[in-house]
Amino acid sequence: MELIQETPDLSAYLAADEVIDHHHPLVRETAARLASTVADSYAYAQAAYEFVRDGIPHSADSGDPRVTWRASDVLEQGTGICHAKAHALAALLRAEDIPTALCYQSLMHDDGSALCVHGLVAVRFNGAWHRQDPRGNKPGVDARFSLEGERLAWVPDPKSNETDYSVLYAEPHPAVLHALKAAPDREYLWKTLPTAL
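Conventions used here
- Residues numbered from 1 in each chain as written.
- Predicted model: local features only at pLDDT ≥ 70, side-chain atom pairs only at ≥ 80, totals over all residues.
- Heavy atoms only, no water.
- Helix = DSSP H or I, 4+ residues; strand = E, 2+ residues; numbered from the N terminus.
- Expected span 1.5 Å × (residues − 1).
- Buried < 20%, exposed > 50% of the residue type's maximum accessible area, 1.4 Å probe, protein only.
- Phe/Tyr/Trp six-rings, centres within 6.5 Å; stacked < 30°, edge-to-face > 60°.
- Lys NZ or Arg CZ within 6 Å of the ring centre and 35° of its normal.
- Salt bridge = Lys/Arg side-chain N within 4 Å of Asp/Glu carboxyl O.
- Polar contact = N/O pair within 3.5 Å; in protein donor to acceptor, adjacent residues only side chain to side chain.
- Contact = heavy atoms within 4.5 Å.
- Arc of directions from axis to C-beta.
- 1 Å grid on protein atoms, 1.4 Å probe; cavity = no way out; pocket = protein on both sides within 12 Å on 5 of 7 lines; lining within 4 Å.
- Points joined across faces, edges and corners; volume = space filled by probe spheres on them.
- Nonpolar A, V, L, I, M, F, W, Y, C, P; charged D, E, K, R; others polar.
- Pairing = 2+ DSSP bridges.
- Core = buried A, V, L, I, M, F, W, Y, C linked by side-chain atoms within 4.5 Å.

Peer 1: Just to check I follow, could you spell out helix α5 (residues 82–95) for this structure?
Peer 2: Turn by turn, an α-helix covers 3.6 residues, leaving residues three or four places apart pointing in a common direction. With 14 residues, α5 extends 20 Å between its outermost C-alpha atoms, agreeing within 8% with the 20 Å of an ideal straight helix rising 1.5 Å per residue. Within α5, 14 of the 14 residues are buried, leaving the element largely enclosed by the surrounding structure. Residue D97 follows α5 closely and has a positive phi angle near 60 degrees.

Peer 1: Teacher, can you tell me more about the packing of aromatic side chains here?
Peer 2: To describe a pair of aromatic rings, one takes the distance between the centres and the angle between the planes. This structure, assessed with the given rule, holds four aromatic pairs. On the numbers, 5.2 Å between centres and 65 degrees between planes, the contact of Y13 with W129 is edge-to-face. Of the two residues, Y13 is situated in the loop between β1 (4–5) and α1 (25–35) and W129 in strand β4 (residues 128–132); the sequence distance between them amounts to 116 residues. A cation over a ring is seen here: K181 above W69, with NZ or CZ 4.9 Å from the ring centre.

Peer 1: Which parts of the structure should I look at to understand the pattern of salt bridges?
Peer 2: Side chains that differ in charge, positive against negative, can pair when their charged atoms come close. Counted by the stated rule, this structure contains 11 salt bridges. A salt bridge links E18 to R70, with the shortest nitrogen-to-oxygen separation between them at 3.7 Å. A residue pair is termed long-range when its members are at least 10 positions apart, and E18 in the loop between β1 and α1 and R70 in the loop between α3 (59–62) and α4 (71–77) qualify at 52 residues. Assessed through its relative accessible area of 43%, E18 is described here as partly exposed. For D54, the salt bridge is made with R53, and the minimal N-O distance between the two is 2.6 Å.

Peer 1: What's the story with the side chain of H58 in this structure? I'm lost.
Peer 2: Position of H58 relative to the elements: it lies in the loop between α2 (41–55) and α3. H58 sits in the buried class, given a relative accessible area of 6%. A polar contact of 3.3 Å, which involves the side chain of H58, links it to the backbone nitrogen of C82. Those residues in contact with H58 that lie beyond four places of it in its chain are G80, I81, C82, K85, R135 and W190.

Peer 1: Whenever I open this one, helix α6 (residues 174–182) confuses me. Can you help?
Peer 2: Those residues of α6 that sit buried are V176, L177, A179 and L180. Buried residues of α6, viewed axially, fall in a sector of 160 degrees; they line one side. Of the residues in α6, the exposed ones pointing more than 90 degrees away from the buried face are P174 and H178. Tucked inside the fold, the buried residues of α6 contact α5, β2 (100–108), β3 (115–125) and α7 (186–192).

Peer 1: I'm lost on the layout of surface pockets in this one. Help?
Peer 2: To find the voids left in a structure, one rolls a probe of water-molecule size over its atoms. By volume, the largest pocket amounts to about 390 Å³. In terms of lining, the largest pocket is formed by 21 residues, of which the most central are M108, H109, D110, H118 and W154. Listed by contribution, the elements that provide at least two residues to the lining of the largest pocket are α3, α5, β2 and β3. Sorting elements by how many residues they give to the lining of the largest pocket places β3 first, with three residues. Its residues assigned to classes, the lining of the largest pocket comprises 11 nonpolar, four polar and six charged.

Peer 1: Would you explain the sheet that holds β3 in this entry?
Peer 2: Sheet strands line up and pair through hydrogen bonds in the backbone, either parallel or antiparallel. One open sheet holds the four strands; their spatial order is β4-β3-β2-β5, and the pairing between them is antiparallel. Two strands bound the open sheet, and with one partner strand each, they are β4 and β5 (163–164). The sheet contact formed by β3 and β4 spans five bridges and is antiparallel. Across the sheet, the residue bridging to A122 is R131, located in β4.

Peer 1: Is there a simple way to explain the pairing of β4 in this structure?
Peer 2: Looking along a regular strand, one sees side chains alternate from face to face of the sheet. Among the five residues in β4, four count as buried, and that is most of the element. Between β3 and β4, which follow one another and run antiparallel, lie two residues, and N126 among them has a positive phi close to 55 degrees.

Peer 1: What exactly am I supposed to notice about the nonpolar core here?
Peer 2: For soluble globular proteins, the rule of thumb is that nonpolar side chains tend to be buried together. In terms of nonpolar packing, the biggest core is built from 47 residues, with Y44, L92, L93, L102 and L189 touching the most fellow members. Examining the composition of this core, we find that nine residues originate from one element, α5, more than from any other. What L189 contacts, discounting residues up to four positions off in sequence, is V67, I81, A179, L180 and A183. Y13, A122, L168 and A170 belong to the second-largest nonpolar core, a separate cluster that totals 10 residues.

What follows is the structure, given as structure tokens:
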């Protein structure tokens, strides 16, 4: 699949905003701590990915009802669904000048009841974008950081109307962000997340 930048301006994928608030002291502190343990930007990207994937529980896996959406809040509260974890990873990567996009899939809920938009990121290295899924591993899910072929949590099944979206967004998709901001808890969020983009 060819990944398509929503905007040709690469600097948009380094920007800070209300959601990807990489200017926040907690994001800066976390980025600096991770950067101090590695030799280069490739190793930093993997360290940041593994920190978010493994160090911040996916709220559905842990049973946490809280809904986070701002990167600094995800780091502070230590919880989030896929979208929130993607926002946190994007902030950590952009804090170290690594262009990072938000991207999406439409996948069936675990119980097969309906489609739901799933969030991930793409990082830019060597003139190409590489999708990464920091949602967190569990039995049946083995996502890994990779610049040589995707190692995502799930591969969409077209027979179930699941799909990959090729657009790389500089900011969260408005429909996703609206659902996150409006949800008082994760149970409500599950009912209001968009099914498609």
